[in-house]
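# Structure assessment
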Amino acid sequence: MIKRVEINYRGIYQKTLARRIGSDLVLIASRLGKVAFSNGRYSDAPERDGIPCKYFVFVSPDLPEEELEAECGAKLDIDVADVSIVLDDTMVKGVEPWAWHGVRPINEKVSADGCLLVVTRREPTQLLAFIAAKPHPYRLATLEGDASLSGLWVFKDDLTHERVLGAVAAVDPGIVTIDAVADYLADEGREPRRAEAARTAHAATVQRIRPVAPDAGISWTYAIPELPAWDAFGEGVAVPGVERRSELGPGGQARNAGFPRGTTKTERPVVRFDLCTRCTLCWLECPDGCFDPTADEYYDVAYAYCTGCGKCAAVCPVKECIVMVDELRFEDTASPWAAYRRDPAAYLAWAEGKKGPERRSYAHITGTGVEVRPAPAVRARRTRKEVATR
Ligand code: SF4
Ligand code: SF4
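Overview of the structure. Treat the numbers as computed from the prediction; the structure is a model and nothing was measured. (Residues numbered from 1 in each chain as written. Chains lettered and ligands numbered in written order. Predicted model: local features only at pLDDT ≥ 70, side-chain atom pairs only at ≥ 80, totals over all residues.)

This brings us to the overall build of the chain. Scanning the chain from terminus to terminus reveals 11 helices and 15 strands. Split into buried and exposed, the 390 residues of the chain put 41% on the buried side. Once local pairs closer than 6 in sequence are excluded, the contacts in the chain between residues at least 24 apart make up 74%. (Helix = DSSP H or I, 4+ residues; strand = E, 2+ residues; numbered from the N terminus. Buried ≥ 20, exposed ≤ 12 C-beta atoms within 10 Å, placed from the backbone. Contact = placed C-beta atoms within 7 Å.)

Here we come to the sheet that holds strand 6 (residues 138-144). Taken together, the 7 strands give an open sheet; going across it, the order is 2-3-1-4-5-6-7, and neighbouring strands pair in mixed fashion. Strands at the two margins of the open sheet, each flanked by one partner only, are strand 2 (35-41) and strand 7 (209-212). Going across the sheet, the axis of each strand differs from the next one's by a mean of 20 degrees, ignoring polarity. With 4 bridges connecting them, strand 1 (residues 3-10) and strand 4 (residues 81-86) associate as parallel partners. Directly across from Ile7, in strand 4, lies its bridge partner Ile85. Across the sheet, helix 1 (residues 15-31) is in contact with strand 1, strand 2 and strand 3 (52-60); its angle to strand 2 comes to roughly 165 degrees. Its contacts with the sheet place helix 2 (residues 65-72) against strand 2 and strand 3, and it is angled at close to 25 degrees to strand 2. (Pairing = 2+ DSSP bridges. Axes fitted to C-alpha atoms, helices over the stretch in contact; angles between N-to-C directions.)

As a matter of local geometry, ligand 1 sits amid Pro269, Cys286, Asp288, Cys290, Val301, Cys306, Thr307, Gly308, Cys309, Gly310, Lys311 and Cys312. Among the residues making up the shell around ligand 1, the classes are represented as 7 nonpolar, 3 polar and 2 charged. (Near = placed C-beta within 6 Å. Nonpolar A, V, L, I, M, F, W, Y, C, P; charged D, E, K, R; others polar.)

With that settled, consider the nonpolar core. Note on soluble globular proteins: their nonpolar side chains tend to be buried together. Core analysis: the biggest nonpolar cluster contains 66 residues, and Leu25, Val86, Leu117, Val168 and Val181 have the highest contact counts within it. Apart from residues lying up to four places away in sequence, Leu25 is in contact with Val5, Ser38, Val57, Leu165, Val168, Ile175 and Val176. Core analysis: the next-biggest nonpolar cluster, separate from the first, contains 24 residues, Ala302, Cys316, Val323 and Tyr347 among them. (Core = buried A, V, L, I, M, F, W, Y, C linked by C-beta atoms within 7 Å.)

What follows is about the environment of Tyr138. Turning to its location among the elements, Tyr138 is positioned in strand 6. Exposure remark for Tyr138: the 20 C-beta atoms within 10 Å place this residue in the buried category. Distance in space between the C-alpha atoms of Tyr138 and Asp82 is 9.7 Å, their sequence separation being 56 residues. Among all residues touching Tyr138, those that are not within four sequence positions of it are Asn107, Val110, Ala112, Gly114, Cys115, Leu116 and Val212.

The next point concerns the packing of helix 1 against helix 4 (residues 160-171). Two numbers describe how helix 1 lies on helix 4: the axes approach to 10 Å, and their chain directions differ by 45 degrees. Judged on the interaxial angle alone, helix 4 and helix 1 are oblique. You can see that helix 1 and helix 4 cross each other, and the crossing is right-handed. Contacts between helix 1 and helix 4 pair Leu17, Arg20, Ile21, Asp24 and Leu25 from the former with Thr160, His161, Val164, Leu165 and Val168 from the latter. (Parallel < 35°, antiparallel > 145°, perpendicular 65-115°, else oblique. Left-handed = near helix turned anticlockwise from the far one by under 90°.)

What follows is about unusual backbone geometry. Not every positive phi belongs to a glycine, and Asp215 is a case in point at roughly 75 degrees. Examined against the element boundaries, Asp215 turns out to sit in the loop between strand 7 and strand 8 (246-248). In this model, Thr280 sits at a positive phi of 80 degrees, which is unusual for a non-glycine residue. Relative to the helices and strands, Thr280 is located in the loop between strand 10 (267-271) and helix 7 (281-285).

In this section: the pairing of strand 15 (residues 370-374). Judged by how many residues are buried, strand 15 sits mostly at the surface: 0 of 5 residues are covered. With 5 bridges joining them, strand 14 (residues 358-362) and strand 15 adopt antiparallel strand pairing. For Tyr362, the partnering residue across the bridge sits in strand 15 and is Val370.

Attention shifts here to the environment of Pro135. With respect to the element layout, Pro135 can be found in the loop between helix 3 (124-128) and strand 6. Sequence spacing of Pro135 and Asp215 is 80 residues, and the spatial spacing of their C-alpha atoms is 5.8 Å.

Across its 12 residues, helix 10 (residues 344-355) extends 16 Å between first and last C-alpha, which sits within 8% of the 16 Å expected from 1.5 Å per residue. Phi turns positive one or two residues past the end of helix 10, at Gly356, with a value near 70 degrees. (Expected span 1.5 Å × (residues − 1).)

Before going further, it helps to examine the packing of helix 5 (residues 178-186) against helix 6 (residues 192-206). At a closest axis distance of 7 Å, the pairing of helix 5 and helix 6 adopts a crossing angle of 160 degrees. As judged from the angle between their axes, helix 5 and helix 6 are roughly antiparallel. Here helix 5 runs over helix 6; the crossing is right-handed. Residue-level contacts link Ile178, Val181, Ala182, Leu185 and Ala186 of helix 5 to Pro192, Arg194, Ala195, Ala198, Arg199 and His202 of helix 6. In terms of residue class, the contact of helix 5 with helix 6 is made up of 8 nonpolar, 1 polar and 2 charged.

Listed below in structure tokens is the structure:
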């Protein structure tokens, strides 16, 4: 028997967290007398911030090491997962780890008796509003918490690591047990709070596992490419390439329509066009060329290409003009500028509704947790319509 775990994480920001969870599951399973190993897709240095990545863990109570390695080691992906961990709940919108794989449902690999385990503060019904329906039942468990984001090679020691280990024991004790997790975390002089965090998360997760009925969820709208099997390649060294679909944005930006990167972001920028001074900084500084100049010299946002890096919000000199907002508050990638042009007042109400009354900032490099503060007051500006008719 083989237990398969996949850890969905955001490239760079959660790389170290995912690797630690994977390697600790292997060590804990080994202490239980099982054979286990982990490997990762993009396990080198993913150069693209935020891109969905995967680590894998394989555990067997009865196979010898060579057989487990032969069965699971040479594959770039798995066919089914007993547990699929999601370290950032915005990935429930789909993951696009490889350009030519298309946007995939986050639960694509979860088996009929498997579990999708999501670190989130949302309710399961809110998550299922984005998750694809499956033809078979499975389980959905939530572990209360925020996306633990940090910098390359940096580990943010906010106990997410320990809490996820406890939650895995809750959803599938056939992989690791909570006693084994706690013993491991208590060893080697580690602080007692680490084992306590795992046990608390275990107890909470047991209460937050729910069955998902067949067909619960949404119809998946993204096309899934048909990929050739290894034995479908022709003889010789020429392998047909994937069609390049590069095109230029309205401002001359180089874009690959075959890989718009819509699944890369945890947050997206919301722009108050009425506050914009047309200083051009967002357009100049966006690393992905997502700001499209408009005929009236403002800057629209091509959300489908935005990676959510937050640089535009950091450089915009006008208070509250660009604010980064949780990606799960949005249903589509429609042009905000077009909406503003259609109905300025309605757009401003929409923008403020999305921004909400709080501003959250993540300490990406060091520190723990998320800083939450009230939104600063901004003097209301005239709408474009009012300016035009003045
Ligand atoms: S967050 Fe802003 S700067 Fe970063 S990719 Fe998106 S639009 Fe560009
Ligand atoms: S940086 Fe801010 S003020 Fe400047 S053009 Fe962009 S949105 Fe407008």
